[in-house]
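Coordinate inspection notes
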Amino acid sequence: VELEEVAGGYDQPLLVTDAGDGSGTLYVVEQTGRIWPLRPGERAQEPFLDLREAVVTSFEQGLLGLAFHPQHADNGRLFVNYTRASDGATVVSEFGVAGDVVDPASERELLVIDQPFGNHNGGHLAFDAAGMLLIGTGDGGGGGDPLEAAQDPSAVLGKLLRIDVDGELPYAIPADNGFVDRDGHRPEIHALGLRNPWRFSVDPVGGHVYLGDVGQGAYEEISVMPDGRGGQSFGWNEVEGPVCYLDGCDLEAHTPPALSYGRDEGCSVIGGHAYRGTEQPALEGVYVFGDYCTGTLWGADAEAMVAGQAAAVPIGAIDGT
C-alpha cells in the first residue's frame, strides 16, 4: 500500500468525511474548531464552519465529530460534536448550510453532556443504515473509569447513543434502540461498556457498526454490532479487550471484541472502515484501521469481524507518527 498526500497545511486535523452528495468534496475537521472543504484538486481558502471561539482545545477536547444528514443535498443539515469552551461539556449540535458555508446562527443544541475530566470525550458521529444518528461517548475520563459510568445504565457516558433527528424536538428515541424497553436504562443507549470509542463506522454493506475502543493499559479492541443491532455490553470497565480488568469479572456477561491487540503492537486504536470501493480491488471486503502510536495500518476480513473473531495483517505504515 502506498500513501499519497492530497492536501496539507491543516491545524490538528482529526477527521475527513464527505456529505454523501456525489460532489467529490471532502471535509477536513480540525480539533481546534474549523471545518475545511477539500474539493478535487483544490484546498479551500475559507472554512466551511469556524467554531474556534466556542471550542476548548486541550488534551482530548476540541471539535471532535462531524456527520452530514443522509439527505444533506436536499436539506443542508449537518451535525457536530465539540467540547464547549465555557465549561468543558460535550455539545452535539445541528447546523444548517447557507450558500457554500454553514450559518453559525443556525446552531440547535441536541445534547449537552457534562464531562468530569478532559479526556475520553469520545466525539464521533455517524448515521446508521436506518438513518439514525449514532453518538460515541467516552467514560468521562480518569483511569479505570473512576465514576463507573460505562456500566451505569442511567448515564450516557461510556456508551454508543442512537437518536432520531427527524422526529420530535430536540430528538426522538428510535423504537428499536438496544435498551429502550429495559428498566433503569436511558433510552438513547444503543450499546454500553465502552471506554473511549474514538472512531466508529457503518458498513455500507449490511449496516454493521465497527467500534474502535481505546484500551486502558493492556489491550486495544474493535467491537462489531452486526447489522447495527444494539443491546450489547462490550465489557468496560469490568473487561478490557479479551480479559478481565476487574478481579472476578464475568466474561460471558459481555460481548467480546471481534479483534484485539496488546500494547506490544500499539497503544491507541483508530477505528477504520470496511473498504467497499472499486479502485483498490485487493482491499474489497477488508476492514482497514490504524494505531495512533505506531502508525501501522492493518487490514482484517470484514466478514470475519462480523462473525466475531478476526485476525489483522499489517498492510502499511504512516511515517513520522
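Notes on the structure in this doc start here.

So, how was this worked out
Residues numbered from 1 in each chain as written. Predicted model: local features only at pLDDT ≥ 70, side-chain atom pairs only at ≥ 80, totals over all residues. Heavy atoms only, no water. Disulfide = S-S within 2.5 Å. Buried < 20%, exposed > 50% of the residue type's maximum accessible area, 1.4 Å probe, protein only. Helix = DSSP H or I, 4+ residues; strand = E, 2+ residues; numbered from the N terminus. Core = buried A, V, L, I, M, F, W, Y, C linked by side-chain atoms within 4.5 Å.

**Comments concerning the state of the cysteines**
Counting across every chain of the model gives two disulfides. Covalently, C244 is tied to C249 through a disulfide, its sulfur atoms 2.0 Å apart. Its S-S torsion of about -85° marks the bond between C244 and C249 as left-handed, since a negative value means left-handed. Of the residues examined, C244 reaches a relative accessible area of 33% and is grouped as partly exposed. Residue C267 pairs covalently with C293 via a disulfide, S to S 1.6 Å. Of this pair, C267 sits in the loop between β20 (259-262) and β21 (269-274) while C293 sits in the loop between β22 (286-291) and β23 (296-301), and the two are 26 residues apart along the sequence. According to the relative accessible area criterion, C267 is partly exposed, its value standing at 26%.

**Focus on unusual backbone geometry**
Here L169 and P170 are connected by a cis peptide whose omega angle stands at 0°. Examined against the element boundaries, P170 turns out to sit in the loop between β12 (159-163) and β13 (189-192). Following W236, the chain continues to N237 via a peptide bond in cis, the omega torsion being 10°. Mapped onto the elements of the fold, N237 is located in the loop between β17 (232-233) and β18 (239-240). Phi is positive for D145, close to 60°, though the residue is something other than glycine. Structurally, D145 can be placed in the loop between β11 (133-136) and β12. Its relative accessible area of 1% is what places D145 among the buried residues. Phi at E148 is positive, roughly 55°, even though this residue is not glycine. Tracing the backbone shows E148 in the loop between β11 and β12.

**Looking at the nonpolar core**
I35, L66, V80 and M305 are the most contacted members of the largest nonpolar core, which totals 37 residues. If one sorts the elements of this core by residue count, strand β6 (residues 63-68) sits on top with four residues. Ranked by size, the runner-up nonpolar core spans 20 residues in total, among them V92, L110, I113 and V165.

Worth remembering: the numbers are spatial, not functional.
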